[in-house]
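Structure assessment
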Amino acid sequence: EFVFEVSARHLKEGLAHGYISFSFESPPVVLTVDDDWLEEVADAVEPTAECIAPAKGDALSFVNNQGAAFMSKEEFQLVVDSAESDLDAAPSGDDAMPLVRLKFRRGLDIDFADRFREVLPSVLRKFVGVPFPQGRELAGNLDVDQLKTLVS
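Description of the structure in this document. Quick caveat: nothing in here was measured; it's all calculated off a predicted structure.

Section: the packing of helix H4 (residues 112-127) against helix H6 (residues 144-151)
At a minimum axis separation of 11 Å, H4 and H6 run at an interaxial angle of 55°. With respect to each other, H4 and H6 are oriented oblique. Remark: the crossing between H4 and H6 carries left-handed chirality. Between H4 and H6, the contacting residues are Ala113, Phe116, Arg117 and Leu120 on the first element and Val144, Leu147, Leu150 and Val151 on the second. In terms of residue class, the contact of H4 with H6 is made up of seven nonpolar, no polar and one charged.

Dropping the structure here:
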């Protein structure tokens, strides 16, 4: 897991202009992130040592202290809006910029069953002599338990 801190205004602007976008499934996943926007955020916010920029495919796990595993787009927007309202409520001489802490998970989200189905026709062809069309058909018709049985 890693943390990305961004001001509420930068995040709201990034979402509005498509500089960063999420697929709000469970958990929300980064679809796109613009490198120029990331540089702008880094210039505006003093990044900490643990602050890492998100990339496509990273899963959002927390927004501030709120769990994001089942967060909808509307709930996400409420958290961003509340952080922005904290900025508006701050005294005008205060230079502190309220930050939204986004905690992401980056990992190997590989569907091994799908990957195995892709490779199975080649393996069957090489070791057993099954033609590719029949190997593809067999791989598509097997469920996970049957794939495990085939391997063992």
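Next comes the rest of the write-up.
Considerations on the nonpolar core
One recurring pattern in soluble globular proteins is that nonpolar side chains are buried together. Counting residues in hydrophobic clusters, the biggest one holds 24 residues, and the most contacted among them are Phe4, Leu11, Val63, Phe76 and Leu102. Contributing elements (two or more residues each) for this core: strand E1 (2-7), helix H1 (8-16), strand E2 (20-23), helix H2 (35-44), strand E4 (59-63), helix H3 (73-89) and strand E6 (99-105). Looking at which element gives the most residues to this core, the answer is H3, with four residues. If near-sequence neighbours (up to four positions away) are discounted, leucine 11 is found in contact with Val6, Ile20, Trp37, Phe76, Val80, Val100 and Leu102. Membership of the second largest hydrophobic core comes to six residues, among which are Ala113, Ala139, Leu142 and Leu147.

A short note on the environment of serine 26
Within the fold, serine 26 resides in the loop between E2 and strand E3 (29-33). Judged by relative accessible area, serine 26 falls into the partly exposed class, the value being 46%. Filtering out sequence-adjacent residues up to four positions away, serine 26 remains in contact with Ala69 and Phe70. In terms of polar contacts, serine 26 uses its side chain to reach the backbone carbonyl oxygen of alanine 69, at 3.1 Å.

The rules behind these values
- Residues numbered from 1 in each chain as written.
- Predicted model: local features only at pLDDT ≥ 70, side-chain atom pairs only at ≥ 80, totals over all residues.
- Heavy atoms only, no water.
- Axes fitted to C-alpha atoms, helices over the stretch in contact; angles between N-to-C directions.
- Helix = DSSP H or I, 4+ residues; strand = E, 2+ residues; numbered from the N terminus.
- Parallel < 35°, antiparallel > 145°, perpendicular 65-115°, else oblique.
- Left-handed = near helix turned anticlockwise from the far one by under 90°.
- Contact = heavy atoms within 4.5 Å.
- Nonpolar A, V, L, I, M, F, W, Y, C, P; charged D, E, K, R; others polar.
- Core = buried A, V, L, I, M, F, W, Y, C linked by side-chain atoms within 4.5 Å.
- Buried < 20%, exposed > 50% of the residue type's maximum accessible area, 1.4 Å probe, protein only.
- Polar contact = N/O pair within 3.5 Å; in protein donor to acceptor, adjacent residues only side chain to side chain.

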